[in-house]
Amino acid sequence: MIRAALILVVALALSACSVFQIGERYDKSIDDDLNTFQTETVSFITTMRINAGLSAGAHTSDTAKAFYPKATATLANMMLRASLLSSRQCPISRTAPLPPIVSDAEAAAIIGAPITEDEVRGNCVVVMLDAVQAAFVRVEARHKSQGQIGETAAKLGTTAINNSVLIALGGIRSKDY
């Protein structure tokens, strides 16, 4: 009887060790915030495209001055929360690059902040959110350099935001196995 109980305890302990996790824990608030960010950013790009050539569509407009800092802070907060999901390092340090609207060097020169090719450190959700952030920085850089968001920039920016958010949501929604 004791031998059978001991075998059962060992078997249960070994089976518990075989459970592994693919992806990070699901975080509904990051999921919700990323969906809101995507909706607000695409709406903003559309508004700026509609108002291209007018003061309301300029990078210096009150709408743009309010939107960019808020969206930047939202992304930074999502990345901070994502970094708390796990201490594991993602096996990849970058997601597949999306077609840039402007190059990293151009974006860095326009925004005045360095955009490096350094590897992103952190769990896979952090790496995927970094791709969203890179797409967003390029949208703002293009808007600032051109003064407006025209038809082509709007299509490229919307596609980059949508694709990067789609990839990030896939990672965020991965399940524990």
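This one's a predicted model, so the numbers in the text were calculated from it and none came from an experiment.

### Digging into the confidence of the model for the protein
Averaged over every residue, the pLDDT of the protein is 79; residues scoring 70 or more account for 67%. Mean pLDDT values over the elements of the protein span from 48, in helix H1 (residues 2-17), up to 97, in helix H2 (residues 28-50).

### What about the packing of H2 against helix H6 (residues 151-172)?
Between H2 and H6, whose axes approach to 10 Å, the crossing angle comes to 175 degrees. One finds that H2 runs roughly antiparallel with respect to H6. Only Glu 151, Ala 154, Gly 157, Thr 158, Ile 161, Asn 162, Val 165, Ala 168, Leu 169 and Ile 172 of H6 make contact with H2, whose side of the interface consists of Ile 30, Asp 31, Leu 34, Asn 35, Phe 37, Gln 38, Thr 41, Val 42, Ile 45 and Arg 49. In terms of residue class, the contact of H2 with H6 is built from 11 nonpolar, six polar and three charged.

### Focus: the packing of aromatic side chains
Scanning the entire structure with this criterion turns up six aromatic pairs. Aromatic pair Phe 67 and Tyr 68: ring centres 5.7 Å apart, planes at 65 degrees, arrangement edge-to-face. Comparing Phe 67 with Tyr 68 shows no difference in burial state: the two are buried. One aromatic cluster is present, formed by Phe 37, Phe 44, Phe 67, Tyr 68 and Phe 136 through successive ring pairs.

### Here we look at the pattern of salt bridges
Within this structure, the stated rule accounts for five salt bridges. In this structure, Asp 32 engages Lys 28 in a salt bridge whose closest nitrogen and oxygen atoms are separated by 2.9 Å. You can see Asp 32 and its partner Lys 28 sitting in helix H2, four residues apart, about one turn around the helix. Among the salt bridges present, the one from Glu 40 reaches Lys 70, with a minimum N-O distance of 3.5 Å. Placement of Glu 40 in helix H2 and of Lys 70 in helix H3 (residues 62-83) is noted, with a sequence separation of 30 residues between them. Residue class for Glu 40 comes out partly exposed when judged on its relative accessible area of 36%. Its relative accessible area of 49% is what places Lys 70 among the partly exposed residues.

### Details of H3
Taking 1.5 Å per residue, 22 residues should reach 32 Å; H3 reaches 32 Å between its end C-alpha atoms and fits that length. Of all the residues in H3, the buried ones are Ala 64, Phe 67, Tyr 68, Ala 71, Leu 75, Met 78, Met 79 and Ala 82. Viewed end-on, H3 has its buried residues packed into an arc of 100 degrees, placing them on one side of the element. Away from the buried face of H3 by more than 90 degrees, exposed residues Asp 62, Lys 65 and Leu 80 are located.

About the cut-offs
- Residues numbered from 1 in each chain as written.
- Predicted model: local features only at pLDDT ≥ 70, side-chain atom pairs only at ≥ 80, totals over all residues.
- Heavy atoms only, no water.
- pLDDT = per-residue confidence, 0-100.
- Helix = DSSP H or I, 4+ residues; strand = E, 2+ residues; numbered from the N terminus.
- Axes fitted to C-alpha atoms, helices over the stretch in contact; angles between N-to-C directions.
- Parallel < 35°, antiparallel > 145°, perpendicular 65-115°, else oblique.
- Contact = heavy atoms within 4.5 Å.
- Nonpolar A, V, L, I, M, F, W, Y, C, P; charged D, E, K, R; others polar.
- Phe/Tyr/Trp six-rings, centres within 6.5 Å; stacked < 30°, edge-to-face > 60°.
- Buried < 20%, exposed > 50% of the residue type's maximum accessible area, 1.4 Å probe, protein only.
- Salt bridge = Lys/Arg side-chain N within 4 Å of Asp/Glu carboxyl O.
- Expected span 1.5 Å × (residues − 1).
- Arc of directions from axis to C-beta.

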